[in-house]
Amino acid sequence: MKKVIVIGAGILGASTAYHLAKSGAEILLIDRNDEGQATDAAAGIICPWLSQRRNQDWYQLAKAGARYYPQLIAELEQDGETETGYAQTGALSIHKDQDKISKMAERAKLRREDAPEIGAITCLNEKETRERFPLLGEGYSSVHISGAARVDGRALRDALIRSAQRHGARLIEGEAELLYEGEQVNGVQVQTERYMADMVVVCAGAWANEMMEPLGVHFKVHYQKAQIVHLRATNQENTSQWPVIMPPSDQYLLAFADQKMVVGATHENDVEGYDTRITAGGMQEVLNKGLELAPDLANCTLDEVRVGFRPFTPGFLPVMGQVPGWSGLITANGLGASGLTMGPYIGGQLARLALDLEPEINIEAYNVSKAIEMSVQ
């Protein structure tokens, strides 16, 4: 039985541990439980098909991640995990410019040719749009994408971890330091305990570089702070099936069960250290943009604010695979704002790599060497 240690229990690490445990490997999952994990503050929009990003390598990965969700959720449900936070609610891509609406619909139809999971594509007028999401302001028409979904990152992460444990994985809290001999990583140390393994998988997100530095590896991961607001729409009913709202700006609006609304998020690049403070300026930005989209949000109750650090690698393209110059060490990072779309799928690919199996996609485009600088030890 192969022994694998997974460091980091966000959505990526949880998925990796889950897939490995289901395959029969002996798994140890380690997490420091830092404040600011990206999974905690992610919105959970599963709708990559309308993106105008030109990087096809990014799109292919996001598309594969979205396609994988129904299979993963079905498998988790078979394992007894019914509280995954996932629902295929559809999405409304909204705009006040009818020409932009038509172009979005055309783009979606073109992409549906090799992504049938997009589902039905329907142009809705203002009245029909507001019927789908009653809190929206006036003047918005939309394109409705039936195959889109939303997911609660915390709920899905916890379901993956529980299922991994059901298949024999162990979870411990603590700071892991890599153990190595020569150019072979062979385990980790957590406080005074040493744990040996055939393979170590680092899924440490914004904290990955500090873990790699003792190996003489500079992992070029930078992070963006996100503040995201959770509200309670006490005067609304049946919000669990409301569609995701995707406006032309960088904001978004999601509805969950029990009248919960999620509005976000800030995109703060010039942050010193891991600053998890909720700031007045951040809240002003999120709420101003949210209220512009949906003025009736002003009557909602403020439940909580979450803060997370989205990790990015050079070119804003994720990397995955073996760490150059080292045996027994693989990693993935740089999922950015698409972490919940891609993370579960990439976790499955990391599990395959850890088990010496071919990944389901060509990962050369996401080679870890693109985000690594080696230093002389």
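Residues numbered from 1 in each chain as written. Predicted model: local features only at pLDDT ≥ 70, side-chain atom pairs only at ≥ 80, totals over all residues. Heavy atoms only, no water.

Q: Can you explain the overall build of the protein? Please cite residues and give values.
A: Along its length, the protein carries eight helices and 22 strands. Taking 21 Å as the expected radius of gyration for a compact globule of 377 residues, we find that the protein reaches 21 Å, a close match to that expectation. For the C-alpha atoms alone, the extent of the protein along its principal axes is close to 65 × 45 × 40 Å. Counting every position in the protein, which comprises 377 residues, the buried fraction comes to 58%. Taking the contacts inside the protein whose residues are at least 6 apart along the sequence as the reference set, 74% of them involve residues at least 24 apart. Summed over its atoms, the accessible surface of the protein is roughly 16,200 Å², and 45% of this surface lies on carbon and sulfur atoms. (Helix = DSSP H or I, 4+ residues; strand = E, 2+ residues; numbered from the N terminus. Rg over C-alpha atoms; globule rule 2.2 N^0.38 Å. Buried < 20%, exposed > 50% of the residue type's maximum accessible area, 1.4 Å probe, protein only. Contact = heavy atoms within 4.5 Å. Areas by Shrake-Rupley, 256 points an atom, 1.4 Å probe, with all protein chains shown as cover.)

Q: Quick rundown of unusual backbone geometry? Include the residues and the values.
A: Cis rather than trans, the peptide bond between G264 and A265 has omega equal to -10°. Phi at D258 is positive, roughly 60°, even though this residue is not glycine. With respect to the helices and strands, D258 occurs in the loop between β17 (252-255) and β18 (260-264). Although it is not a glycine, F316 adopts a positive phi angle of roughly 55°.

Q: Could you give an account of the nonpolar core, naming the residues involved and the relevant values?
A: Counting residues in each nonpolar core, the largest one holds 78 residues, and the members touching the most others are V6, I27, W49, I145, V201, I346 and L350. Element by element, the count of residues in this core is highest for helix α2 (residues 56-78), at eleven residues. Not counting the four nearest positions on each side in its chain, I27 is found in contact with V4, V6, A17, L20, A21, G168, A169 and R170. Of all hydrophobic cores here, the second largest spans 29 residues; its members include I30, L215, A371 and I372. (Core = buried A, V, L, I, M, F, W, Y, C linked by side-chain atoms within 4.5 Å.)

Q: Run through the state of the cysteines, naming residues and quoting values.
A: Under the defined criterion, the tally for this structure stands at zero disulfides. For the unlinked cysteine C47, the closest cysteine sulfur is that of C123, found at 14 Å. Under the relative-accessibility criterion, C47 is labelled buried at 6%. (Disulfide = S-S within 2.5 Å.)

Q: Run through α2, naming residues and quoting values.
A: The first and last C-alpha atoms of α2 sit 34 Å apart over 23 residues, in line with the 33 Å expected at 1.5 Å per residue. Within α2, the axis deviates most sharply at Y69, by approximately 35°, and proline P70 lies no more than four positions further along. If you check the start of α2, you find a side-chain oxygen 2.9 Å away from the backbone N of D57, and it comes from N55. Positive backbone phi, approximately 95°, marks G80, located one or two places after α2. (Expected span 1.5 Å × (residues − 1). Bend = angle between axes of the 7 residues up to and from the residue. Polar contact = N/O pair within 3.5 Å; in protein donor to acceptor, adjacent residues only side chain to side chain.)

Q: Give a detailed account of the sheet that holds strand β9 (residues 170-173), specifying residues and quantitative values.
A: Strands sit in the order β9-β2-β1-β13-β21-β20 across an open sheet of six strands; the sheet is mixed. The sheet is open, and its two edges are formed by β9 and β20 (319-322), each paired on a single side. Strand-to-strand twist across the sheet, computed as the mean angle between neighbouring axes with direction ignored, equals 15°. The sheet contact formed by strand β2 (residues 26-31) and β9 spans four bridges and is parallel. Bridging from a neighbouring strand, L29 pairs with L171 of β9. (Pairing = 2+ DSSP bridges. Axes fitted to C-alpha atoms, helices over the stretch in contact; angles between N-to-C directions.)

Q: Explain the pairing of strand β15 (residues 222-232) to me, using residue names and the numbers behind them.
A: Here β15 lies mainly inside the structure; nine of its eleven residues are buried. Direction of pairing for β15 relative to strand β19 (residues 301-312): antiparallel, over a ladder of eleven bridges. The residue bridging K225 from the neighbouring strand is F309, located in β19. Relative to β18, β15 runs antiparallel, the two sharing five bridges. Bridging from a neighbouring strand, R232 pairs with K260 of β18.

Q: Which residues make up the packing of aromatic side chains, and what are the values?
A: Counted under the stated rule, the structure contains ten aromatic pairs. Here the aromatic rings of W207 and Y274 are separated by 5.0 Å at their centres, their planes lie at 20°, and the arrangement is stacked. Note that W207 is positioned in the loop between β13 (199-202) and α6 (208-212) and Y274 in the loop between β18 and α7 (280-293), a separation of 67 residues in sequence. Here W207 falls in the buried class, since its relative accessible area comes to 10%. Look at Y274 and you get partly exposed, because its relative accessible area is 33%. Where Y274 meets F309, the ring centres are 5.6 Å apart and the plane angle is 80°; that geometry is what we call edge-to-face. Of the two residues, Y274 sits in the loop between β18 and α7 while F309 sits in strand β19, which places them 35 residues apart along the sequence. Classification of F309 as buried rests on a relative accessible area of 1%. A network of ring pairs unites the aromatic residues W207, Y223, Y274 and F309 as a single cluster. Its guanidinium or amino end placed over the ring of F256, K260 lies 4.9 Å from that ring's centre, counting from NZ or CZ. (Phe/Tyr/Trp six-rings, centres within 6.5 Å; stacked < 30°, edge-to-face > 60°. Lys NZ or Arg CZ within 6 Å of the ring centre and 35° of its normal.)

Q: Could you give an account of the environment of T129, with specific residues and numbers?
A: Locating T129 in the fold gives a position in helix α4 (residues 126-132). In this structure the C-alpha to C-alpha distance between T129 and A25, which are 104 residues apart in sequence, comes to 48 Å. Each residue touching T129, except ones within four places of it in the same chain, is listed here: L92, I94, L124, L136, Y140, S141 and S142.

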